[in-house]
Amino acid sequence: MTLQWTRSPGKPVTTVIEGVSGVEEASAWVRAHHAELREVLTRHGAVHLRGLPIGTAGDFAAVRDALFAARAKYQEKATPRSDFGDDVFSSTDLPPAQAIRMHNENSYTLTFPGLLLFCCLTAPEEGGATPVADVREVLAELPPELVERFRTHGWALTRNYGEHISLDWRTAFATDSRADVERYCTENRIGWEWGEDDTLRTRQVRPALICHPLTGEQVWFNHVAFWSEWSLDPDIRDVLVGEFGEDGLPFNTALGDGTPLTAEEVAVLDAAYEKATVRETWQPGDLLLVDNVLSAHGRDPFRGDRRIVVAMGEPVAVADCSPAVPAGEAALAV
């Protein structure tokens, strides 16, 4: 039976499921409707499912396995997450008052998850939605001149890892070995430099535009605005620059040739994301399935307890996405 889908203004495409009891039936429902879910997902970039009886991380993992053909790793960690086991994580453990800007998960890695699956175990009292934005629409909204600069040069990411400024390198790379970090960086076209006080600085260049591996549609796929210095609260930025210097910010982005971005350019990117953004209020048991190439996602601030879990699946290599700039070939030394 074909599902009934609705798309209200400002909300993602949604279907409401009725008459399903228990996690085994929920997994069977997902398997039975798998083809339609994927077809609608590819058309819209994200789908919201309401009504499945999912109450625990274990329930969620079972449904995930019915939906994903393979699991994807979380690499080069950037934010704190709780690990619930079986490759199920909290969406993020950053403070509730902090909004998380729109981004495509792991856009800075050479292999990234093709699919993301979010689930609400506990809904917050207020706020806390997981907004999504179709990055085909974002690309269409951006000024052609700005797009062409990123198409030509790609984007550069500089990160500083340290106990007092961001995640430390041991947490981010899941190892205690500097040799392992250097090996990973070499294999993934990342420049690195060890600093004092057990700090690490890395730099990588990635394409800002890629094509969906199935449809061939070109999309805006990156963390350019997310990790720009101009995305920091101005007071926090001033404090960090005063303490660590311009080169010591936890993260920063630029064009792949090293040209800095202006605050005005980042504001243009933010406006394009905002115009394409839709969101739905979480209810317990809700699922949000996201095509990570077609849609960016974020998090709204919230009040009250909020338990949103996430799983990543079906890894995609950037080399299979017709990148506008070969990843890493234009990299500059740190």
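Residues numbered from 1 in each chain as written. Predicted model: local features only at pLDDT ≥ 70, side-chain atom pairs only at ≥ 80, totals over all residues. Heavy atoms only, no water.

(A) Just the overall build of the protein chain, in detail. The helix and strand inventory of the protein chain stands at nine helices and 19 strands. The C-alpha radius of gyration computed for the protein chain amounts to 20 Å, which stays within 12% of the reference 20 Å derived for 334 residues, consistent with globular compactness. Within the protein chain, the fraction of its 334 residues that count as buried is 53%. Partitioning the intrachain contacts of the protein chain with sequence separation of at least 6 by distance along the chain shows that 81% fall at a separation of at least 24. About 14,500 Å² of surface is accessible on the protein chain, with carbon and sulfur atoms providing 51% of the total. Distance between charge centres in the protein chain, computed from 30 positive and 51 negative side chains, equals 3 Å. (Helix = DSSP H or I, 4+ residues; strand = E, 2+ residues; numbered from the N terminus. Rg over C-alpha atoms; globule rule 2.2 N^0.38 Å. Buried < 20%, exposed > 50% of the residue type's maximum accessible area, 1.4 Å probe, protein only. Contact = heavy atoms within 4.5 Å. Areas by Shrake-Rupley, 256 points an atom, 1.4 Å probe, with all protein chains shown as cover. Lys, Arg positive; Asp, Glu negative; His and termini not counted. Charge placed at Lys NZ, Arg CZ, Asp CG, Glu CD.)

(B) How the structure looks around the sheet that holds strand 5 (residues 100-103). Pairing is antiparallel across the open sheet formed by four strands, whose spatial order is 5-17-8-15. Edge strands, defined here as strands with exactly one partner in the open sheet, are strand 5 and strand 15 (277-278). Where strand 8 (residues 132-134) lies against strand 17 (residues 295-299), three bridges are found, and the strand directions are antiparallel. Its bridge partner lying in strand 17, Ala-133 is registered against Ala-296. (Pairing = 2+ DSSP bridges.)

(C) Representation of the layout of surface pockets in the model. Within this model, the largest pocket holds a volume of roughly 680 Å³. Looking at the largest pocket, it is lined by 24 residues, and the ones nearest its centre are Leu-94, Gln-98, Trp-227, Leu-232 and Phe-251. If you list the elements that add at least two residues to the lining of the largest pocket, you get strand 5, strand 9 (155-161) and helix 8 (234-244). Per element, the largest residue contribution to the lining of the largest pocket is three residues, and it comes from strand 9. Classifying every residue of the lining of the largest pocket by side-chain character gives 15 nonpolar, six polar and three charged. Taken as a whole, the second largest pocket encloses approximately 410 Å³ of empty space. (1 Å grid on protein atoms, 1.4 Å probe; cavity = no way out; pocket = protein on both sides within 12 Å on 5 of 7 lines; lining within 4 Å. Points joined across faces, edges and corners; volume = space filled by probe spheres on them. Nonpolar A, V, L, I, M, F, W, Y, C, P; charged D, E, K, R; others polar.)

(D) Spotlight on the sheet that holds strand 3 (residues 83-85). Taken in spatial order, the seven strands line up as 1-2-16-6-19-4-3 in an open sheet, and their pairing is mixed. Two strands in the sheet have a free side with no partner beyond their single neighbour: strand 1 (13-16) and strand 3. Within this sheet the neighbouring strands show an average axis-to-axis angle of 25°, counted without direction. Bridge count between strand 3 and strand 4 (residues 88-90): two bridges; the pairing is antiparallel. Counterpart to Asp-83 in the pairing with strand 4 is Phe-89. Against the sheet, helix 2 (residues 34-44) engages strand 1, strand 2 (46-50), strand 6 (111-122), strand 16 (287-291) and strand 19 (307-317), with an angle of about 135° to strand 2. Contacts from helix 3 (residues 57-67) reach strand 3, strand 4, strand 6, strand 16 and strand 19 within the one sheet, and its direction differs from that of strand 6 by about 140°. (Axes fitted to C-alpha atoms, helices over the stretch in contact; angles between N-to-C directions.)

(E) View of empty space enclosed by the protein. One pass over the full model with this rule turns up three cavities of 30 Å³ or more. In this structure, the largest cavity occupies an estimated 240 Å³ of space. Along the wall of the largest cavity there are 22 residues; nearest its centre are Arg-81, Ser-91, His-103, Glu-105 and His-297. The set of elements that each furnish at least two residues to the lining of the largest cavity consists of strand 5, strand 6, strand 17 and strand 19. Looking at the lining of the largest cavity, the element that brings in the most residues is strand 17, giving three residues. When grouped by side-chain class, the residues that make up the lining of the largest cavity number 10 nonpolar, eight polar and four charged. Considering only enclosed or pocket space, the second largest cavity measures out at about 70 Å³ in volume.

(F) Seen up close, the environment of Lys-275. Examined against the element boundaries, Lys-275 turns out to sit in helix 9 (residues 263-276). Lys-275 sits 207 residues away from Phe-68 along the chain, and the two C-alpha atoms are 30 Å apart.

(G) Fine view of the pattern of salt bridges. Using the criterion set out here, one finds 28 salt bridges in the structure. Notably, a salt bridge pairs Arg-50 with Asp-286, separated by 2.6 Å at the nearest N-O pair. Linking Arg-50 in strand 2 with Asp-286 in the loop between strand 15 and strand 16, this pair joins segments that are 236 residues apart in sequence. Among the residues examined, Asp-286 registers a relative accessible area of 1% and is labelled buried. (Salt bridge = Lys/Arg side-chain N within 4 Å of Asp/Glu carboxyl O.)

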